[in-house]
Amino acid sequence: MARTIDIDIPDQTGRLAVVTGASDGIGFVIATRLAAAGAEVIMPVRNPAKGADAADRIRGLVPGATIVTRALDLSSLESVAGLADHLVGDGRPIHLLVNNAGVMTPPSRQLTKDGFELQFGTNHLGHFALTLGLLPLLRQGRARVTHQTSVAARSGAINWGDLNWERGYDAMKAYRQSKIAVGLFARELDQRSAVAGWGVTSNLSHPGVSPTNLLSAQPGMGRQKDTGSVRMIRVLSRLGLAGTPDTAALPALLAATGPAARGSEFYGPRRRGDMSGPPARRDLWEPLRSMDDARRLWEVSEGLVGVRFPV
């Protein structure tokens, strides 16, 4: 059964980890496991009360854990810049960054505070700006950056002619685009680091399918009740045919801490059509393979966020 699946996390004592989306679900498990391995964990959160509660729960599970929360709304470039500036001001090297947070299929087309389609703006552009805003600290820590994509990225494409889906909006196609963008950014970041000698490695993971809050009721996003999809996933998870948050966190943990993990590699569950099972290195899905697309996306993203980063 999936619930018996686990991996060993190497000792992380003395290392600083930043995990987005850690106030519940898979991100909460990732933060808990890193804290249990000895890392100091920063949890950037949009909801301060929810983040404080999650941090308290981790301290209860991991006595002596060092957990702090910081304010972050990935749908606001001002908020992203504020967090990056705060952490750079602290000057502490970051050793692990797990870009895990995300939103999925709002019931209608919505925009970020900066006018981007919500999923592309949050899942990709927010993490793009955060990662590169933290680049000085990532370089100091010779960090590993792990980016969480999704099984949705097995198909689809970047809608280059209409990144904001102003015409013919389709929530799932827009979600696929955002998660393809996450994977392409992961690969381009690793390549640029290798060429420039930044000392940062960047790879990607996907959690398979598990019952998290992505498809649950999200009143703040206009979803008043759980979707039929998440109710079905809960049943599949109980039957062992889909993962749990505990097992779904393992590919990202393997990508982020595995001694053999390398830059640009891809990790995910290896059973049941990528839905569940032990984490392992996987072949890149077709939409994630083009380095021309990765380079183009980087350049377009710079223009959208209004900042140029090192080549």
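Quick note: structure is the one above.
Residues numbered from 1 in each chain as written. Predicted model: local features only at pLDDT ≥ 70, side-chain atom pairs only at ≥ 80, totals over all residues. Heavy atoms only, no water.

Asker: Before we go on, may I ask you to explain the nonpolar core in this structure?
Answerer: If you look at soluble globular proteins, the nonpolar side chains tend to sit buried side by side. Ile94, Leu132, Leu134, Leu138, Leu189 and Leu288 are the most contacted members of the largest nonpolar core, which totals 49 residues. Of all the elements in the fold, those that place two or more residues in this core are strand 1 (16-19), helix 3 (77-90), helix 4 (118-133), helix 5 (135-140), helix 6 (171-196) and helix 10 (291-305). Residues Ile5, Leu34, Ala37 and Leu253 belong to the second largest nonpolar core, which totals 32 residues. (Core = buried A, V, L, I, M, F, W, Y, C linked by side-chain atoms within 4.5 Å. Buried < 20%, exposed > 50% of the residue type's maximum accessible area, 1.4 Å probe, protein only. Helix = DSSP H or I, 4+ residues; strand = E, 2+ residues; numbered from the N terminus.)

Asker: What is the right way to look at the pattern of salt bridges in this model?
Answerer: Pairing between side chains of opposite charge can happen when their charged atoms approach one another. A full pass over the atoms with the stated rule returns eleven salt bridges. Here Arg59 and Asp56 are joined by a salt bridge, their closest N and O atoms 2.7 Å apart. Here the residue Arg59 and the residue Asp56 both occupy positions in helix 2 (residues 48-61), the gap between them amounting to three residues, near one helical turn. According to the relative accessible area criterion, Asp56 is partly exposed, its value standing at 48%. (Salt bridge = Lys/Arg side-chain N within 4 Å of Asp/Glu carboxyl O.)

Asker: Honestly, helix 3 in this entry has me stumped. Any pointers?
Answerer: Three- or four-residue spacings in an α-helix give side chains the same orientation, since the helix completes a turn every 3.6 residues. Helix length check: helix 3 (14 residues) gives 20 Å between terminal C-alpha atoms against 20 Å at 1.5 Å per residue, within 8%. When helix 3 is considered as a whole, its buried residues turn out to be Leu77, Val80, Leu83, Ala84 and Leu87. One side of helix 3 holds all its buried residues, which, seen down the axis, span an arc of 125°. Residues Glu78, Asp85 and Gly89 are exposed on helix 3 and point more than 90 degrees away from its buried face. Contact partners of the buried residues in helix 3: strand 2 (40-45), strand 3 (67-71), helix 4, helix 5 and helix 10. (Expected span 1.5 Å × (residues − 1). Arc of directions from axis to C-beta. Contact = heavy atoms within 4.5 Å.)

Asker: Please clarify how the side chain of Thr122 should be interpreted in this entry.
Answerer: Here Thr122 is to be found in helix 4. A polar contact of 2.8 Å, which involves the side chain of Thr122, links it to the backbone oxygen of Leu118. Apart from residues lying up to four places away in sequence, Thr122 is in contact with Leu74, Ser75, Val103, Thr112 and His127. (Polar contact = N/O pair within 3.5 Å; in protein donor to acceptor, adjacent residues only side chain to side chain.)

Asker: Would you mind going over the packing of aromatic side chains with me for this structure?
Answerer: What characterises a pair of aromatic rings is the spacing of the ring centres plus the angle enclosed by the ring planes. Within the structure shown, the criterion is met by four aromatic pairs. Both rings, one in Phe185 and one in Trp298, keep their centres 5.9 Å apart while their planes meet at 50°; by these two values the pair is tilted. Of this pair, Phe185 sits in helix 6 while Trp298 sits in helix 10, and the two are 113 residues apart along the sequence. You can call Phe185 buried: its relative accessible area is 3%. Under the relative-accessibility criterion, Trp298 is labelled buried at 1%. A centroid spacing of 4.8 Å and a plane angle of 80° characterise the contact between Phe266 and Trp285, whose relative ring orientation is edge-to-face. Of this pair, Phe266 sits in strand 7 (residues 266-271) while Trp285 sits in the loop between strand 8 (276-282) and helix 10, and the two are 19 residues apart along the sequence. Each of the two residues, Phe266 as well as Trp285, counts as buried. Grouping aromatic residues by their ring pairs yields a cluster made of Phe128, Phe185 and Trp298. Across from the ring centre of Phe28, 4.2 Å away, lies the NZ or CZ of Arg57, which sits over that ring. (Phe/Tyr/Trp six-rings, centres within 6.5 Å; stacked < 30°, edge-to-face > 60°. Lys NZ or Arg CZ within 6 Å of the ring centre and 35° of its normal.)

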